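Descriptive structure summary
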Amino acid sequence: MAETSHSSLPVNLQWGGRFAAGPAAVMQEINASIAFDQRLWRQDIQGSLAHAAMLAHVGIISAADEVAIREGLEAIAVEIEEGRFVFDPGLEDIHTNIEARLIARIGEAGRRLHTARSRNDQVATDLRLWLREAIDGLDRQVVVLMQALADRALEHAALPIPGFTHLQSAQPVTFGHHLLAYVEMFARDRGRLADCRCRLNECPLGAAALAGTAFPIDRAMTSAALGFARPCANSLDAVSDRDFALEFLAAAALVASHLSRLAEEIVLWASPAFRFIQLSDAFTTGSSIMPQKRNPDAAELVRAKTGRIGGAFLALLTVLKGLPLAYGKDLQEDKEPVFDAAAALALSLAAMAGMVRDLVPDEARMAAMAGDGFSTATDLADWLVRMLGMPFRTAHHVTGRLVAKAEARGIALAELPLSEMQAEEPRISEAVYGVLTVASSVASRDSEGGTAPARVAQAAEKWRRTLAG
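A quick note: this is a predicted structure, and the numbers were derived from the prediction, not measured.

Time to look at the overall build of the chain. Scanning the chain from terminus to terminus reveals 19 helices and 6 strands. A compact globule built from 469 residues would reach a C-alpha radius of gyration of about 23 Å, whereas the chain, at 31 Å, exceeds it by more than 25%. For the chain, the spread of C-alpha atoms along the three principal axes comes to 100 × 55 × 40 Å. Among the 469 residues that make up the chain, the fraction classed as buried is 47%. Long-range contacts, defined here as pairs at least 24 residues apart, represent 75% of the contacts in the chain between residues at least 6 apart. Of the roughly 21,400 Å² of accessible surface on the chain, 56% is carried by carbon and sulfur atoms. For the chain, the centre of its 46 positive side-chain charges and the centre of its 57 negative side-chain charges are spaced 3 Å apart.

Listed below in structure tokens is the structure:
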């Protein structure tokens, strides 16, 4: 059949005969979504192929029409892949652009494709398909980051670093232990993304506009063809639900929050005040006027992108609030936040994995600062409990007075003379100095999940095996 041109089709193809005149220019601009939903073209064609195959299977369209539709859609996919497809804003969205092109290519058979479906169930299906793929890709990126963290944790399982609470020196930990804390965070993020994927994996096709359809369709067939676990159970919910998109944005915001925490630490660690790490030229920039600067811009931008990802969640939450059933054009605002958040998160994950692999710790600096701020004071209190049978609260007070003495003299706790210690508690012996070193402190924290180097190495190895599988 000879092709007809796009221009020979009515502008109001998507609205049918109800509207004689075209929309106002501003209406066309606010109503059109093709500028951003064209990225759903693969999913739209995928859904249409499954729908056409089902229509032919149940006898709603002929086998010849299904072949023409399939071949036409496959040709359109090639056109889009090769950049030859012209997206027409006047046709409003990706669904109508593809349908118009299909009709132009194959004629009457193309007009049969939209039987027993609506753009309402069509777009809900497309977005679920797109998001399912996006989640799979992001999950792979999270794994790459976790592997980088676990590798570096094993490498530095015994490297002391200050442990902070309130950003004040608390107790020594190891750098490996610190990095593994983020592995745990990102593991929870993977679980949330997996949960989201599981819940979104239901097929809206067949819900039509809102009420289902009078045609004898086979929803299980299209659902299976598209890799969904099952059809959506309620037609009203199928077309109006965007919980899956909102849940994704919530999960993405949590991933971004964890990335931001790590990014903030990288910024601090790379600062002259800390000097814990150095990033290479690959992940830093210079200053336009200060030649000495090495700015951790990649980390700062990861930290900043948390705002736009969290903002995407809030934007869609606001769209959905108070929205009556079933479909409202408000739901057109679901795609841009999802697309933007997914892109920002993918970039942030890639940058963070690169920085984790790239950073070089200043081991001497880290170890030296691990003992600052009387960080082994808890070890002294524990020793008083363990060796002298002192109640912990009493030991806490004795240790506090000893810390005050050391602080007044400007020396470390381990440098306080035994005579001064015994003035507070006569039973303290020379053996106490064995627990006041950073190395002994971290080695002693051998409880499950603790910072003892052996525990850290064991945990890092376990994560590496888990992630490799």
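Attention now moves to the layout of surface pockets. Empty space within the largest pocket amounts to approximately 450 Å³. Breaking the lining of the largest pocket down by element, the ones donating at least two residues are β1 (160–165), α8 (175–200) and α11 (243–270). A per-class count over the lining of the largest pocket returns 12 nonpolar, 5 polar and 3 charged. Taken as a whole, the second largest pocket encloses approximately 360 Å³ of empty space. Around the second largest pocket, the lining is made up of 14 residues, and of these E184, G449, R455, A459 and K462 lie nearest the centre. Contributions of two or more residues to the lining of the second largest pocket are made by α8 and α19 (453–468). A per-element tally of the lining of the second largest pocket places α19 first, with 7 residues.

The biggest cluster of nonpolar side chains holds 96 residues, and the ones touching the most others in it are F248 and M352. Per-element accounting of this core gives the leading share, 16 residues, to α11. What M352 contacts, discounting residues up to four positions off in sequence, is L145, L259, L262, A263, I266 and V302. Within the second largest apolar cluster, 22 residues are counted, among which are A377, W383, V398 and A406.

Another point: the confidence of the model for the chain. Confidence in the prediction of the chain, expressed as mean pLDDT, is 93, and 94% of residues score 70 or more. Here residues 4–11 is modelled with pLDDT under 50, and outside its nearest four sequence neighbours on either side it reaches 13 contacts, counting other chains as well.

Following the criterion strictly, the structure yields 5 aromatic pairs and no others. With centroids separated by 6.2 Å and ring planes inclined at 75°, the aromatic side chains of F164 and F274 adopt a geometry described as edge-to-face. Placement of the pair is F164 in strand β1 and F274 in the loop between α11 and β5 (277–278), with a sequence separation of 110 residues. Since its relative accessible area comes to 15%, F274 is described here as buried. On the basis of an interplanar angle of 70° and a centroid distance of 5.4 Å, the ring pair of F175 and W269 is categorised as edge-to-face. Of the two residues, F175 sits in helix α8 while W269 sits in helix α11, which places them 94 residues apart along the sequence. The two residues F175 and W269 agree in class, both being buried. Three or more aromatic residues joined by ring pairs make a cluster, and in this case those are F164, F274 and F276. The ring of F228 is capped by R132, whose NZ or CZ atom sits 4.8 Å from the centre of that ring.

Definitions and cut-offs
Residues numbered from 1 in each chain as written. Predicted model: local features only at pLDDT ≥ 70, side-chain atom pairs only at ≥ 80, totals over all residues. Heavy atoms only, no water. Helix = DSSP H or I, 4+ residues; strand = E, 2+ residues; numbered from the N terminus. Rg over C-alpha atoms; globule rule 2.2 N^0.38 Å. Buried < 20%, exposed > 50% of the residue type's maximum accessible area, 1.4 Å probe, protein only. Contact = heavy atoms within 4.5 Å. Areas by Shrake-Rupley, 256 points an atom, 1.4 Å probe, with all protein chains shown as cover. Lys, Arg positive; Asp, Glu negative; His and termini not counted. Charge placed at Lys NZ, Arg CZ, Asp CG, Glu CD. 1 Å grid on protein atoms, 1.4 Å probe; cavity = no way out; pocket = protein on both sides within 12 Å on 5 of 7 lines; lining within 4 Å. Points joined across faces, edges and corners; volume = space filled by probe spheres on them. Nonpolar A, V, L, I, M, F, W, Y, C, P; charged D, E, K, R; others polar. Core = buried A, V, L, I, M, F, W, Y, C linked by side-chain atoms within 4.5 Å. pLDDT = per-residue confidence, 0-100. Phe/Tyr/Trp six-rings, centres within 6.5 Å; stacked < 30°, edge-to-face > 60°. Lys NZ or Arg CZ within 6 Å of the ring centre and 35° of its normal.

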